Amino acid sequence: MTTPRATDAALDVPGLVARARAASGTDGRLAVGDIAGWDTFPFEREGLRMRALEDPVVPEPPRQDEDAATCGRCARTDEHFAWTDGTWRLSASSTVSVPSVILDRRAHGDLNDLDDDAAAELGRMIVRVERALAAVPGVGRVHVQRWGDGNGHLHVFFSARPEGMLQLRGLVMPLWTLHLPALPDEEWAAILASVVARLDAART
Ligand SMILES: [Zn+2]
């Protein structure tokens, strides 16, 4: 075998899809994987089946808020955010099933638009928000996610896993949180106020 050359690097998407289809059953569906047997998986295996794999869409359709001139996240005024400083804005939905906040960079751009200084600031802010949420009694762990598939303006999700709810560990927590009932308004408002107070205390 020859030594791989970095200049040959490419993800062969048609090849990936073809392999997946070859691995599918006669109904064109992949088998449900081991995840359905995880203690944390929110659904029981019986009756589960995979969706048929769709063809790749290339070029991909544009995301929302790709363009700074028409970006809805840029257009939101500070009053819509729970906490702001000169560079960052933190928002939260009025209804959540577990404590969850979203960190926006004030300036338009996505993750790969950040220069080294902005990247370092993002790292610092991720740690601050994580600490602020993790400090709330009853929070067992804080999950940090950046997806980027739906929107072109960088935003990072933070979700607090309730302490002791071990079924919500790891990547399945978003699936659980879509099914759990909403936190009482007053409980959520107090938690958010505590997060804001901790971020205020960490201002530099
Ligand atoms: Zn924007």
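Looking at an unreviewed UniProt entry, one finds the protein chain named HIT domain-containing protein, with Cellulomonas xiejunii as its source organism.

Asks: I would appreciate a short explanation of the coordination of the zinc ion in the present structure.
Replies: Under perfect tetrahedral coordination by four donors, a metal shows angles of 109.5 degrees; under perfect octahedral coordination by six donors, it shows angles of 90 or 180 degrees. Here the zinc ion is held by Cys71 (SG), Cys74 (SG), His108 (ND1) and His153 (ND1), and the distances to it run 2.0 to 2.3 Å. Every donor counted, the four donor atoms about the zinc ion form angles of 107 to 114 degrees at the centre, which fits tetrahedral coordination. Counting residues between consecutive donors of the zinc ion along the chain gives the motif C-x2-C-x33-H-x44-H. In this pair, cysteine 71 sits in the loop between helix 1 (13-22) and helix 2 (72-75) while histidine 153 sits in the loop between strand 4 (139-145) and strand 5 (155-162), placing the two residues 82 residues apart along the sequence. Overall, cysteine 71 belongs to the buried group, its relative accessible area being 3%. Note on histidine 153: relative accessible area 1%, which makes it buried.

Rules behind the numbers
Residues numbered from 1 in each chain as written. Predicted model: local features only at pLDDT ≥ 70, side-chain atom pairs only at ≥ 80, totals over all residues. Heavy atoms only, no water. Donors = N, O, S within 2.8 Å, 3.2 Å for Na, K, Ca; no water. Tetrahedral: all angles 85-135°; square planar, octahedral: opposite > 155°, others 65-115°. Helix = DSSP H or I, 4+ residues; strand = E, 2+ residues; numbered from the N terminus. Buried < 20%, exposed > 50% of the residue type's maximum accessible area, 1.4 Å probe, protein only.

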